[in-house]
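Survey of secondary and tertiary structure
The primary structure of each chain is shown beneath.
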Amino acid sequence: MSILENITSSKYAIALEDKHGAHNYHPLPVVLSRGEGVYVWDVEGKKYYDFLSAYSAVNQGHCHPKIVNAMTDQAKTLTLTSRAFYNDMLGKYEKYATETFHFDKLLPMNTGAEAVETALKICRKWAYEEKGIAENNAEIIVCENNFHGRTTTIISFSNDPVARKNFGPYTDGFIKIEYDNLEALEEVLKSNDNIAGFLVEPIQGEAGVYVPSEGYLSGAKALCEKYNVLFIADEVQTGIARTGRLLATCGNCSCSDKHCSGTPEIKPDILILGKALSGGAYPVSAVLANDNIMGVIRPGNHGSTFGGNPIAAAVGMAALEVVKNEELANNAVELGELFRSELNKFISTTNLVNSVRGKGLLNAILINDSEESSTAWDICMALKENGLLAKPTHGNIIRFAPPLVMTKEQLLDCVAIIIKTLKEFKN
Ligand SMILES: Cc1ncc(COP(=O)(O)O)c(C=O)c1O
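This text gives an overview of the structure that appears in the document.

What counts and what doesn't
- Within every chain, residues take consecutive numbers counted from 1 along the sequence as written.
- Local features in this predicted model are restricted to residues whose pLDDT is 70 or higher, and side-chain atom pairs enter the listing and the counts only when it is 80 or higher, whereas totals over whole chains, interfaces and linings include all residues.
- Computation of side-chain values covers all heavy atoms of the structure but excludes hydrogens and water.
- Remark: exposure states derive from per-residue accessible area (1.4 Å probe, protein chains only) relative to the maximum for the residue type, with buried under 20%, exposed over 50%, and partly exposed in between.
- A helix here means a DSSP run of H or I that spans at least four residues, while a strand means a run of E at least two residues long, and both kinds are numbered starting from the N terminus.
- Whether two strands pair comes down to DSSP finding at least two bridges between them.
- Think of a salt bridge as a Lys or Arg side-chain nitrogen and an Asp or Glu carboxyl oxygen that are within 4 Å of each other.
- Note on geometry: axes are C-alpha line fits, over the in-contact stretch for helices, and angles between N-to-C directions span 0 to 180 degrees.
- Reported orientations rely on four angle classes, namely roughly parallel under 35 degrees, roughly antiparallel over 145, roughly perpendicular from 65 to 115, and oblique for the rest.
- Working rule for handedness: look at the near helix, and if it is turned counterclockwise from the far one by less than a right angle, call the crossing left-handed; if clockwise, right-handed.
- Residue contacts are defined here by distance: any two heavy atoms, one from each residue, within 4.5 Å place the two residues in contact.
- Residue type decides the class: Asp, Glu, Lys and Arg count as charged, Ala, Val, Leu, Ile, Met, Phe, Trp, Tyr, Cys and Pro as nonpolar, and the leftover types, Gly among them, as polar.
- Here a residue counts as near a molecule or strand whenever at least one of its heavy atoms sits within 4 Å of it.
- Throughout this description, a polar contact denotes any pair of N or O atoms lying within 3.5 Å of each other; where both atoms belong to protein, one of them has to be capable of donating a hydrogen while the other can accept it, and for residues adjacent in sequence the pair is counted only when both atoms sit in side chains.
- We get accessible surface area from the Shrake-Rupley algorithm with a probe of 1.4 Å; when it comes to residues, only the shown protein chains can shield them.

**Observations concerning the pairing of strand β2 (residues 39-42)**
Residue alternation in β2 divides its side chains into two sets, Y39 and W41 and V40 and D42, and both sets are buried. Of the strand pairs in this sheet, strand β1 (residues 32-36) and β2 are connected by four bridges, and their pairing is antiparallel. Of the residues in β2, the one forming a bridge with L32 is D42. Hairpin connection from β1 to β2: two residues lie between these consecutive antiparallel strands, with G37 at a positive phi of about 60°. Bridge analysis of β2 against strand β3 (residues 47-50) gives three bridges, and the strand direction is antiparallel. The residue of β3 that forms the bridge with V40 is Y48. Between β2 and the antiparallel strand that follows it, β3, lie four residues; G45 among them carries a positive phi value of about 95°.

Okay, structure coming up:
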């Protein structure tokens, strides 16, 4: 078969990847060739609801025309200059994004992991140059069961053995504490003068959609202020309306989101964004901070050939416009509540599922089985047969994160598919 021909057999496409690609993922055996809004189609033409949204990257729905148009228009005009020169899109995007998220400055990168790395570097440099920590002594507090990406430094502070084993030696300078535990945080802060920052996910997505207790994030931010430590929010997965606000730490924004409290108390010192910052159309990530922090970064300290390229800038602006214009945060709140309440009704009648948890449209169900079991995988396979794609985060946890452009009717249709599928399993 010529590489120019369209693939029409899932089996063939899977065999190609299996033979020629590294085996660093374990995908569900479905081969997608088209997407539109909340739907994707496989190469045989079967239609599915996407209930993963590329791990919350496709919040604006597949191939959103405004985002695709911005991307293709820009692709025909200017794609890449590198940062050796200025381009006429980056400044506009930086102005737009910093005004949207209320920070002085943005540092553009491409992937989530790169943005996390960037935030860690900024935090360390701030610690040496502004806080006065002795060189090479800065430490950053992270949480158990975190997921911040796959680079060597990031996996150094992961506690997932599969992500870590045989990738050492690891990067020093991280202290791990229990998530959702303010006492543990203060314990470290008060006993160690070398703490530069606290890196946290507002909801732990990969760990299985763990929503911390009410007041945890604001409490952590207050402790960081008390001990002069930077509060670094990794909103790569939770950001861009996924959890019902523009950000899960949503602070003093002036967005049109009617659910936004407008309270500034959990504004991060450093904000990390990725995934849906491009609506899934292009790799776009960013780190935002105010001048007193971002000012430590000077020419030559950090960079990326592709970071801040004109296509990324055009796509980033269009993707944020869509979130605002289509009020996706409000939709996430309303559909999220509906989703959890419908599933809770079913859960009260079964022993198969223990609970549903989440915020906005970032949710998960906890299956009544061990973490090592294959039940969640088996359920995802059955969901696929029934026309809905989702993926386990653990043997007993399935994450549900559909595009935020979903309608109420579509959501109820999906709930019906999920319940019908769960009923196929014994409890
Ligand atoms: C919270 C969080 N941070 C960082 C990342 C890494 O992003 P990327 O896969 O784009 O490197 C992810 C990816 O799932 C994530 O969920």
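**Topic: the pattern of salt bridges**
Per the counting criterion, the structure on display carries 12 salt bridges. A salt bridge links E99 to K95; its shortest N-O distance comes to 2.9 Å. Of this pair, E99 and K95 both sit in helix α4 (residues 90-101), four residues apart, roughly one helical turn. Here the residues in one salt-bridge network are K125, E129 and R298, joined through shared partners.

**Digging into the packing of helix α13 (residues 375-385) against helix α14 (residues 408-423)**
Between α13 and α14, whose axes approach to 9 Å, the crossing angle comes to 125°. In terms of orientation, α13 and α14 fall into the oblique class. The handedness of the crossing between α13 and α14 comes out as right-handed. Here I379, A382 and L383 of α13 come into contact with α14, specifically with I417, I418, T421 and L422. For the contact of α13 with α14, the residue count by class is six nonpolar, one polar and no charged.

**Concerning the site of the ligand**
Close to the ligand lie T111, G112, A113, F147, H148, G149, E201, E206, D234, V236, Q237 and K275. Here an oxygen atom of the ligand and a backbone polar atom of G112 are 2.9 Å apart. Between D234 and the ligand, the recorded distance is 2.7 Å, taken from a side-chain N or O atom to a nitrogen atom. Here the ligand loses 81% of its free accessible area of 390 Å² to cover by the protein chains.

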